[in-house]
Amino acid sequence: MKAIRRFTVRAVLPDTLSALEELAGNLRWSWHEPTKELFARISPELWHQVEHDPVALLGSVDPGRLAELAADQGYVDWANHTRDELRAYQHDPRWYQTLGESAPRTIAYFSPEFGIAAALPQYSGGLGILAGDHLKAASDLGVPLVGVGLFYRSGYFSQAITPDGWQQETYPSLDPDGLPLSVLRTPDGTPVEISLALPDGVLHARVWQAAVGRVRLLLLDTDIPENEERLRSVTDRLYGGGGEHRLLQELLLGIGGVRALEAWSELTGAPAAEVFHTNEGHAGFLGLERIANLIGDGLSFDEALQVVRAGTVFTTHTPVPAGIDRFDRPLVERYFSTSLLPGVEVQQVLSLGAEDYPGGSPDVFNMAVMGMRLGQHANGVSKLHGEVSRQMFNGLYPGFDPQEVPIDSVTNGVHAPTWTDPMLRALALDRLGTDDTTHADWANSGAVSDGDLWSVRNRMREQLVQDARQRLQAAWEEQNPGGIAPVWMSDLLDPNVLTIGFARRVPTYKRLTLMLHDPQRLRNILLHAERPVQFVIAGKSHPADDEGKRLIQKLVQFASEPEIRGRMVFLPDYDIGMAQLLYPGTDIWLNNPLRPLEACGTSGMKAALNGALNLSILDGWWNEFYDGENGWAIPSADAAGDGAERDALEAEAMYDLIEHIIAPRFYDRDGDGVPSTWVGQIRHTLSTLSPALSAERMVKEYVERLYIPASRNEERLSADGFAAARGLAAWKGRVRAAWPGVNVAHVDAGGVDAVPQVGDQLHVRALVHLNGLKPEDVQVQVVYGRSQEGDDLVDVRQQRLDLDDGVPGTDDPSVAHEYVGTVTLAWAGSFGYTVRVVPVNDLLLSTAELGLVSVAS
Ligand SMILES: *Cc1c(COP(=O)(O)O)cnc(C)c1O
């Protein structure tokens with residue numbers, strides 16, 4: 001029989017154990033080993049069964065056991081001490097508190113997914129895990145961040161694999177009462193309700209709060225009786241439906257999210273958010289809600305837009321078109337033709353997401369394009385991805401070279417306390433005096449010998465092998481109810497064999513099955529008599545992606561061949577819990593995307609933090625960090641004729657590396673059985689990569705390079721009744737209107753001989769029409785560099801030209817102004833230059849910001 005309703009009855013803890021409830025209610029436990037140990041002590045077996053979930057543990061532990069612990073003074077003291085430590089952690093000043101008054105008082109961080117702990121499955125992959133790591137590192141650094149997201153009743157989905165290798169999805173319904181969440185309520189106990197006026201009815205949502213250390217996370221949930229049935233399912237699943245369902249989720253996340261945030265600050269007295277960071281474009285509507293609020297304060301749309309842009313940070317995460325939300329324009333039009341956003345015209349909304357550039361589609365509303373227009377601060381997530389993004393969004397800045405597109409990059413990082421195995425942390429604490437593995441002195445071989453390091457690596461591999469066996473047996477038993485898993489399943493993999501890990505979502509560009517390119521060669525590698533290799537693989541395919549499911553099937557079928565199955569396993573239902581054992585347990589972390597489609601990739605970072613060596617295409621973070629010693633680079637066959645040839649070349653290169661370099665080095669042992677060259681590489685990886693890959697480094701960069709400048713900009717524009725915002729909007733309007741008549745009418749140059757030499761001075765003179773703009777509205781620049789075939793300039797530099805006072809000032813738009821300046825020929829070889837006019841205003845952050853330029857022709 002199936003229940004029609006389910007709820008969770010929370011345990012009543014004995015008074016002396018009340019600290020446990022407080023500790024379970026703050027997700028800090030998920031990265032705080034001492035707190036986990038405290039819970040594990042209650043019942044190690046149950047702790048394992050509930051997959052390290054304190055709320056579930058307290059809900060299912062035998063009351064007799066609790067009574068026993070309540071009478072155990074040692075345990076009670078331990079619990080109270082741990083709780084006091086958590087309280088101190090939440091209030092003591094940390095890094096951010098050293099920054100002084102000018103740092104923003106609240107930063108809102110919007111994301112469609114948050115991967116914090118396996119116990120709160122509200123993520124699908126890297127984007128969500130990154131958001132979780134961002135919150136945790138912000139908490140550790142004392143950054144006053146508030147997360148805003150949605151609460152999905154079924155999270156993403158649970159994955160099972162049928163005997164013939166096909167992915168099956170199930171959507172177990174989560175009970176928020178069984179999770180570390182509480183409803184946001186007014187002082188009289190009424191739940192706060194957020195509502196959105198939709199074309200045919202009002203959408204209501206309640207707000208769940210989660211405590212992530214010092215940081216609060218607000219999650220909106222539409223599954224409440226106040227909603228009509230069809231609207232209750234808006235937050236049913238993550239990335240579940242298409243078109244309209246997705247649009248509803250994003251309206252709720254962006255617009256509802258800002259409303260929830262306001263309700264939250266009013267109730268808690270927390271300062272209002274001064275910076276809004278949107279993790280990918282999905283939350284972009286937040287900017288529109290803020291504009292509507294400012295219109296309510298008396299600003300025009302354009303004036304409000306200046307304020308909102310100044311305080312918004314937009315992080316783009318993917319160069320893959322499928323990763324970018326594009327809605328049918330009429331659908332968006334329908335939703336904004338209502339009273340959803342008072343004071344905002346539907347045409348104003350539509351123009352923000354319009355692909356009004358060559359190659360764009362007129363029928364589409366593009367969330368990433370809106371993200372760029374609503375956020376003055378934009379960034380990609382690795383240096384290479386920054387470059388790729390500048391090219392990708394170049395169409396919004398016609399006439400500018402990609403280098404000038406205003407998109408910066410902050411390379412992702414990972415939260416070390418979450419992702420570093422406790423065994424490695426214990427080694428660091430014991431021998432190097434700190435459990436902060438990102439700052440431990442791993443080079444100190446006197447304190448940590450090769451043998452010590454190798455022994456921990458062996459234990460982590462062993463732990464993974466055990467976990468993989470258990471998971472596969474459990475999965476088999478689920479597929480064969482009542483049966484008992486065959487004995488060979490308890491013997492899969494080998495704790496002493498070189499272990500290669502590969503786990504990630506399964507979109508085509510990540511090439512899950514590249515390793516199968518030459519099955520016979522792979523077989524030989526796996527089954528090598530002296531130097532065997534084993535693979536542990538995992539990953540979920542999006543439910544609508546049958547192509548991805550076929551890749552999984554191909555792999556599972558290969559791995560089920562009797563001679564292969566002991567050396568290659570596919571673990572179903574990749575999640576944070578599995579990942580935490582997988583990264584530490586692998587010797588080599590493999591990543592073979594199609595360059596440059598992996599924006600950053602973070603799984604390899606998590607592996608590196610545990611001393612695994614990376615074997616990867618030079619894409620994302622690896623392109624920036626590979627140094628020849630911390631792992632291996634699979635060369636990209638960029639010059640290949642087609643995709644198949646490229647796959648073939650890259651797969652061959654990968655096999656060669658594994659077979660001829662990696663395996664021999666792994667099995668090259670000294671008298672104590674330690675592979676000393678390999679361990680040297682581990683030591684090098686731990687000491688050089690860990691600090692750079694940590695989420696602390698990342699969050700500090702966001703604070704210093706984006707959040708602080710954004711809050712300052714917004715403050716400048718808002719001061720004195722938004723005087724600067726009004727001025728800037730008027731100025732932009734004037735410049736845009738005049739721009740079609742701005743041009744460089746004539747350029748001449750002299751000063752160099754027939755045979756120019758390095759050091760010669762080139763005197764440039766240009767006649768420029770400003771069409772009524774004032775000289776201070778623009779800058780006239782000579783742009784020069786090495787010239788190439790097709791006259792494209794490289795190594796481009798600019799130098800401003802000065803208005804030559806010889807021409808009297810005039811309002812007559814037909815009169816040309818004369819500009820002069822000098823460029824020194826600083827290098828030998830080809831040299832080219834041109835002259836351009838660009839708008840300038842000290843409230844702009846970049847020359848290209850308005851997308852206006854007039855180049856001499
Ligand atoms: C880190 C992580 C990811 C992201 O890995 P990528 O290498 O960025 O694809 C996905 N899922 C889980 C569970 C993770 O821990």
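A quick note: this is a predicted structure, and the numbers were derived from the prediction, not measured.

Chemist: Which residues make up the sheet that holds strand β18 (residues 533-538), and what are the values?
Modeler: Strand order in the open sheet formed by six strands is β19-β18-β17-β20-β21-β22, with parallel pairing between adjacent strands. Of all strands in the sheet, those with a lone pairing partner are β19 (568-571) and β22 (631-634), marking the two edges. Going from strand to strand, the sheet's axes swing by 20 degrees on average, the running direction of each strand aside. Relative to β19, β18 runs parallel, the two being bridged by four bridges. Looking at the pairing, Phe-535 lines up with Met-568 of β19. Sheet strands in contact with helix α18 (residues 450-479) are β17 (498-503), β18 and β19, and its direction is about 65 degrees off that of β19. Across the sheet, helix α24 (residues 643-666) is in contact with β17, β18, β20 (588-591), β21 (613-617) and β22; its angle to β22 comes to roughly 160 degrees.

Chemist: Describe the UniProt feature "domain: DUF3417" (unreviewed entry) in the protein, naming the residues involved and giving the relevant values.
Modeler: When the UniProt feature table is mapped onto this chain numbering, "domain: DUF3417" (unreviewed entry) sits at residues 13-120. Note that residues 13-120 is 53% helix and 6% strand, and that its end C-alpha atoms are spaced 22 Å apart.

Chemist: So what's going on with the site of the ligand? Residues and values would help.
Modeler: Close to the ligand lie 15 residues, the nearest being Lys-510, Tyr-583, Thr-602, Ser-603 and Lys-606. Here an oxygen atom of the ligand and a backbone polar atom of Thr-602 are 2.9 Å apart. A distance of 2.5 Å separates an oxygen atom of the ligand from a polar side-chain atom of Lys-606. For the ligand, the protein covers 96% of the area, taking 390 Å² as the surface of the free molecule. When contributions to the shell around the ligand are tallied by element, the ones reaching two or more residues are α7 (126-141), α21 (576-585) and α22 (603-609). The biggest single contributor to the shell around the ligand is α21, with three residues.

Chemist: Lay out the UniProt feature "modified residue: N6-(pyridoxal phosphate)lysine" (unreviewed entry) in the protein with the relevant residues and their values.
Modeler: Under the feature "modified residue: N6-(pyridoxal phosphate)lysine" (unreviewed entry), the UniProt entry names Lys-606. If you trace the backbone, Lys-606 turns up in helix α22. Residues contacting Lys-606, with those up to four places away along its chain left out, are Ile-129, Val-414, Trp-419 and Tyr-583.

Chemist: Please provide a residue-by-residue account of the sheet that holds strand β26 (residues 793-800), values included.
Modeler: Ordered in space as β26-β25-β29-β30, the four strands form an open sheet in which the pairing is antiparallel. Single-partner strands in this sheet number two, and they are β26 and β30 (854-855). Summarising the sheet, strand β29 (residues 832-839) and β30 pair through two bridges and their orientation is antiparallel. Pairing of Arg-836 across the sheet is with Val-855, part of β30.

Chemist: I'd like to hear about the environment of Thr-235, residue by residue, with values.
Modeler: Along the polypeptide, Thr-235 turns up in the loop between α8 (229-232) and α9 (243-268). For Thr-235, a relative accessible area of 1% gives the class buried. Measuring from C-alpha to C-alpha, the distance between Thr-235 and Arg-153 comes to 6.5 Å, with 82 residues separating the pair along the chain. With residues up to four places along the chain from it excluded, the contact list for Thr-235 reads Leu-150, Phe-151, Tyr-152, Arg-153, Leu-220, Asp-221, Thr-222, Asp-223, Gln-249 and Leu-252.

Chemist: I'd like to hear about the packing of α9 against helix α10 (residues 286-296), residue by residue, with values.
Modeler: Two numbers describe how α9 lies on α10: the axes approach to 6 Å, and their chain directions differ by 60 degrees. Relative to α10, the element α9 is oriented oblique. In the crossing of α9 with α10, the sense of the turn from one axis to the other is right-handed. Counting all contacts with α9, which are made through Gly-254, Ile-255, Val-258, Arg-259 and Glu-262, the residues of α10 involved are Leu-286, Glu-289, Arg-290 and Asn-293. Class assignment for the residues of the contact of α9 with α10 results in three nonpolar, two polar and four charged.

About the cut-offs
- Residues numbered from 1 in each chain as written.
- Predicted model: local features only at pLDDT ≥ 70, side-chain atom pairs only at ≥ 80, totals over all residues.
- Heavy atoms only, no water.
- Pairing = 2+ DSSP bridges.
- Helix = DSSP H or I, 4+ residues; strand = E, 2+ residues; numbered from the N terminus.
- Axes fitted to C-alpha atoms, helices over the stretch in contact; angles between N-to-C directions.
- Contact = heavy atoms within 4.5 Å.
- UniProt positions renumbered as here; feature names shortened; annotations may be inferred.
- Near = heavy atom within 4 Å.
- Polar contact = N/O pair within 3.5 Å; in protein donor to acceptor, adjacent residues only side chain to side chain.
- Areas by Shrake-Rupley, 256 points an atom, 1.4 Å probe, with all protein chains shown as cover.
- Buried < 20%, exposed > 50% of the residue type's maximum accessible area, 1.4 Å probe, protein only.
- Parallel < 35°, antiparallel > 145°, perpendicular 65-115°, else oblique.
- Left-handed = near helix turned anticlockwise from the far one by under 90°.
- Nonpolar A, V, L, I, M, F, W, Y, C, P; charged D, E, K, R; others polar.

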